[in-house]
Every structure is written in structure tokens, then in C-alpha cells.
Amino acid sequence: MFWRVRGRPVDLSGSERWLSAPMHDAETIGDSWLVAAAAAHGGTVSETVSGGLLADMSDLDGPDFRADDLRPEIRDFYEHTLSVAHGGVDPMESGLPARGGARL
């Protein structure tokens, strides 16, 4: 109710486009929306058993950030997120179900 009273219309095709989020529009909830969301940003979805949010944190290196300065466990989390999701165990070796990963 708060947002109905205090909110305001936003322009999702203009300066507030960053508020636009992927939406699931099928009758059954699942992960099929990932393909459309990735394609809308020029990306793809691939099934994988390992990987992270970023392949290499040094892709973010710049004047105010150096991946080499991160604590090793922080860098490992971002570069190997899927393994962390499975308790640090390779899902192929553990018998745990592997999940797909989106790459945008």
C-alpha cells in the first residue's frame, strides 16, 4: 500500500530503464525466461557444472579496483559461484544436481 500512496510513475524506456527487470510470462514457473532475458542483453544461456558470476574478477580491474587485492575467498566466490552453491563440492563428483548458468 505504501508504494500506491507514495510512489510515482516511472519511465522504463527512459532514464529509469535500470528498474526494468526480467519477468516470467509463461503459465508454468521455470527457468525458460532466462533464455529471453539473456538474449535481450546479447547474451546466451549454457548448461554447465562449474562457473561463477564472472569468469575472471580481473575483468573489473580499473583505477579504483584490482581483483588481486581481494581476499582469496571473495574472489573464489565470484569466480566459482556454482561450486559454492553446492557446498564447495563439484556437483559432477558429488552426485548433486547440476544447475544451468546464465552468461550475460
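Preceding this paragraph is the structure being described.
Just so you know, these numbers come straight off a predicted model, no measurement behind them. (Residues numbered from 1 in each chain as written. Predicted model: local features only at pLDDT ≥ 70, side-chain atom pairs only at ≥ 80, totals over all residues. Heavy atoms only, no water.)

A.B. asks: What should I look at first to understand the overall build of the protein in this one?
C.D. replies: The secondary structure content of the protein amounts to five helices and two strands. Put simply, the protein runs from its N terminus to its C terminus through helices and strands in the order α-α-β-α-α-α-β. In the protein, which comprises 104 residues, the share counted as buried stands at 12%. Pairs at least 24 residues apart make up 50% of the contacts formed inside the protein by residues separated by at least 6 positions. (Helix = DSSP H or I, 4+ residues; strand = E, 2+ residues; numbered from the N terminus. Buried < 20%, exposed > 50% of the residue type's maximum accessible area, 1.4 Å probe, protein only. Contact = heavy atoms within 4.5 Å.)

A.B. asks: So what exactly am I meant to see when it comes to the pattern of salt bridges here?
C.D. replies: In a structure, side chains of opposite charge can pair up when their charged atoms sit close to one another. Evaluated as defined, the whole model comprises six salt bridges. Between Asp56 and Arg75 there is a salt bridge; the shortest N-O distance is 2.8 Å. With a gap of 19 residues between them, Asp56 in the loop between β1 (44-47) and α3 (72-79) and Arg75 in helix α3 connect regions that are remote in the sequence. You can call Asp56 partly exposed: its relative accessible area is 29%. The class for Arg75 is buried, based on a relative accessible area of 17%. Salt-bridge contacts for Asp68 lead to Arg75; the nearest nitrogen and oxygen are separated by 3.0 Å. Here the residues in one salt-bridge network are Asp56, Asp68, Arg75 and Glu79, joined through shared partners. (Salt bridge = Lys/Arg side-chain N within 4 Å of Asp/Glu carboxyl O.)

A.B. asks: It is not clear to me how a nonpolar patch on the surface should be interpreted in this structure. Could you clarify?
C.D. replies: A contiguous nonpolar surface patch, about 420 Å² in accessible area, is contributed by Val10, Leu12, Trp18 and Leu19. When you line up the elements, Val10 lands in the loop between α1 (2-6) and α2 (33-40). Taking relative accessible area as the criterion, Val10 reaches 39% and is therefore assigned partly exposed. (Patch = residues over 30% accessible without salt bridge, like charges linked within 9 Å, V, L, I, M, F, W, Y side chains within 5 Å. Areas by Shrake-Rupley, 256 points an atom, 1.4 Å probe, with all protein chains shown as cover.)

A.B. asks: Just checking my understanding: could you explain the packing of aromatic side chains for this structure?
C.D. replies: By convention here, two paired aromatic rings are described through the distance between centres and the angle between planes. Evaluation of the coordinates by the stated rule reveals two aromatic pairs. Between Phe2 and Trp3 the ring centres are 4.9 Å apart and the planes differ by 80°, which places this aromatic pair in the edge-to-face class. When its relative accessible area of 67% is taken as the criterion, Trp3 is described as exposed. Ring geometry for Phe77 and Tyr78: centres 5.0 Å apart, planes at 85°, overall edge-to-face. (Phe/Tyr/Trp six-rings, centres within 6.5 Å; stacked < 30°, edge-to-face > 60°.)

A.B. asks: Quick question: what am I supposed to make of the side chain of Arg75 here?
C.D. replies: A polar contact is formed between the side chain of Arg75 and the side chain of Asp68, at a distance of 3.0 Å. Not counting residues within four places of it along the chain, the set of residues in contact with Arg75 comprises Asp56, Met57, Ser58, Ala67, Asp68 and Leu70. (Polar contact = N/O pair within 3.5 Å; in protein donor to acceptor, adjacent residues only side chain to side chain.)

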